[in-house]
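Structure at a glance
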Amino acid sequence: MPISPQTIDALAQLLFEAARDATPVVKITDAHPDITWDDAYAIQDSLRAKHLNSGRQLAGLKMGLTSRAKMEQMGVKDPICGFLTDDAVVGDGESIDTSTLIHPKVEAEVAFVTKAPLKGPGCHVGDVLKATDFVIPALEVIDSRYENFRFDLPSVIADNTSACRFVTGGRPVSPRDYDLKTIGVVVDRNGEVVETGAGAAVLGDPALSVATLANMLAKRGAEIPAGTLILTGGITRAILVKPGDTIRARYQHLGELSVSFK
Ligand code: OOG
Ligand code: MG
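Report on the accompanying structure. All figures in this text were calculated on a predicted structure; none of them were measured in a lab.

So, how was this worked out
- Residues numbered from 1 in each chain as written.
- Chains lettered and ligands numbered in written order.
- Predicted model: local features only at pLDDT ≥ 70, side-chain atom pairs only at ≥ 80, totals over all residues.
- Heavy atoms only, no water.
- Near = heavy atom within 4 Å.
- Polar contact = N/O pair within 3.5 Å; in protein donor to acceptor, adjacent residues only side chain to side chain.
- Areas by Shrake-Rupley, 256 points an atom, 1.4 Å probe, with all protein chains shown as cover.
- Helix = DSSP H or I, 4+ residues; strand = E, 2+ residues; numbered from the N terminus.
- Nonpolar A, V, L, I, M, F, W, Y, C, P; charged D, E, K, R; others polar.
- Pairing = 2+ DSSP bridges.
- Phe/Tyr/Trp six-rings, centres within 6.5 Å; stacked < 30°, edge-to-face > 60°.
- Buried < 20%, exposed > 50% of the residue type's maximum accessible area, 1.4 Å probe, protein only.
- Lys NZ or Arg CZ within 6 Å of the ring centre and 35° of its normal.
- Salt bridge = Lys/Arg side-chain N within 4 Å of Asp/Glu carboxyl O.
- Expected span 1.5 Å × (residues − 1).
- Arc of directions from axis to C-beta.
- Contact = heavy atoms within 4.5 Å.

In the vicinity of ligand 1 lie 17 residues, with Leu65, Lys70, Glu107, Ser162 and Gly234 positioned nearest. Here an oxygen atom of ligand 1 and a side-chain polar atom of Ser162 are 2.7 Å apart. Separating an oxygen atom of ligand 1 from a backbone N or O atom of Gly234 is a distance of 2.7 Å. Against a free-state accessible area of 310 Å², the protein chains account for coverage of 100% of ligand 1. Of all the secondary-structure elements, those providing two or more residues to the shell around ligand 1 are β1 (58-64), α3 (68-74), β5 (105-114) and β6 (132-142). Tallied by class, residues from the shell around ligand 1 come to 7 nonpolar, 5 polar and 5 charged.

In space, the 5 strands of this open sheet follow the order β4-β13-β12-β8-β9, with mixed pairing throughout. In this open sheet, the two edge strands, each paired with only one partner strand, are β4 (95-96) and β9 (192-198). As paired strands, β4 and strand β13 (residues 255-261) are joined by 2 bridges and run parallel to one another. Bridge assignment links Ile96 to a residue of β13, and that residue is Phe261.

In this section: the packing of aromatic side chains. Applying the stated criterion across every chain yields a total of 2 aromatic pairs. Both rings, one in Phe149 and one in Phe151, keep their centres 6.4 Å apart while their planes meet at 50°; by these two values the pair is tilted. Assigned by exposure class, Phe149 and Phe151 land together as buried. Between the NZ or CZ atom of Lys105 and the centre of the ring of Phe149, over which it lies, the distance is 4.0 Å.

With that settled, the discussion passes to the pattern of salt bridges. Going through the model one piece at a time under the given rule, you end up with 15 salt bridges. Across the pair Lys50 and Asp9 runs a salt bridge whose closest N-O atoms are separated by 2.8 Å. In this pair, Lys50 sits in helix α2 (residues 37-53) while Asp9 sits in helix α1 (residues 5-21), placing the two residues 41 residues apart along the sequence. Taking the relative accessible area as the measure of exposure, Lys50 reaches 15% and is therefore buried. Its salt-bridge partner being Arg56, residue Asp87 comes within 3.3 Å of it at the nearest N-O pair. Pair noted here: Asp87 is in the loop between β2 (80-85) and β3 (89-90) and Arg56 is in the loop between α2 and β1, with a separation of 31 residues, a long-range link. The exposure class assigned to Asp87 is partly exposed, which follows from its relative accessible area of 36%. Given the relative accessible area of 26%, Arg56 is considered partly exposed.

Another aspect to go through is α1. For α1, spanning 17 residues, the distance from its first C-alpha to its last is 24 Å, which sits close to the expected 24 Å at 1.5 Å a residue. What α1 keeps buried is the set Ile8, Leu11, Ala12, Leu15, Phe16 and Ala18. The arc enclosing the buried residues of α1, seen along the axis, measures out at 160°, which places them on a common side. Projecting away from the buried face of α1 at angles above 90 degrees are the exposed residues Gln6 and Arg20. Buried-residue contacts for α1 involve α2 and α5 (153-158). Within two residues after α1, Ala22 carries a phi angle of roughly 50°, on the positive side.

In structure tokens, the structure reads:
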């Protein structure tokens, strides 16, 4: 049985409040096992409307589960997409109060910023490189609203792909000046190296993650507007953090950035 508009709204409200109150909920497919991919994005759209109605603005878009490390860590196999709001923006080197979050994890990513719209279907890496203003290192803080960070694809799509906070830093560069596939990243926690990776971990090329986003949005009649920041997905596994931790990512050619937790 298709899920009703009332149920879509109620599930979006549940997830909105879980984030607001930093209180986890059971994954929504436990009570609604028939939720489809389309239903899940409808819940995410309703969640986005709730954010905008409460005065927030859109700050960008994100892809998730684009690397094998992430797919294996979370036990799911398909890339997913979500949105970023302006209250999620954290400055390079700043601290985040963990009491406002449930169980934050940090992942190193490459962000793209567009200067022209990207529209699927058929969007490819060449289109992305042409439409990109610059790329910049990013750290994404994810925080699933589900107990124990356990979910399936419909649940995590509805929960806006665990989006929580993000940081940009280091050096903005043109994607035409560097081969993003072979750019290395070293992630440390409190000075100890915990993850290493290269851009190609993300679908073979982080630019392909942006093309995939444009093609996924096209299925829902949407596109990537000019001037959009896009997180392309964690290169390495996400690192669970606790108060007192500092996560720093150092990128070949692109500089470094960090975020702390208190
Ligand atoms: C889902 C979000 C994944 C990424 O970069 O892969 C994501 C999750 O792992 O909770 O943002
Ligand atoms: Mg991410």
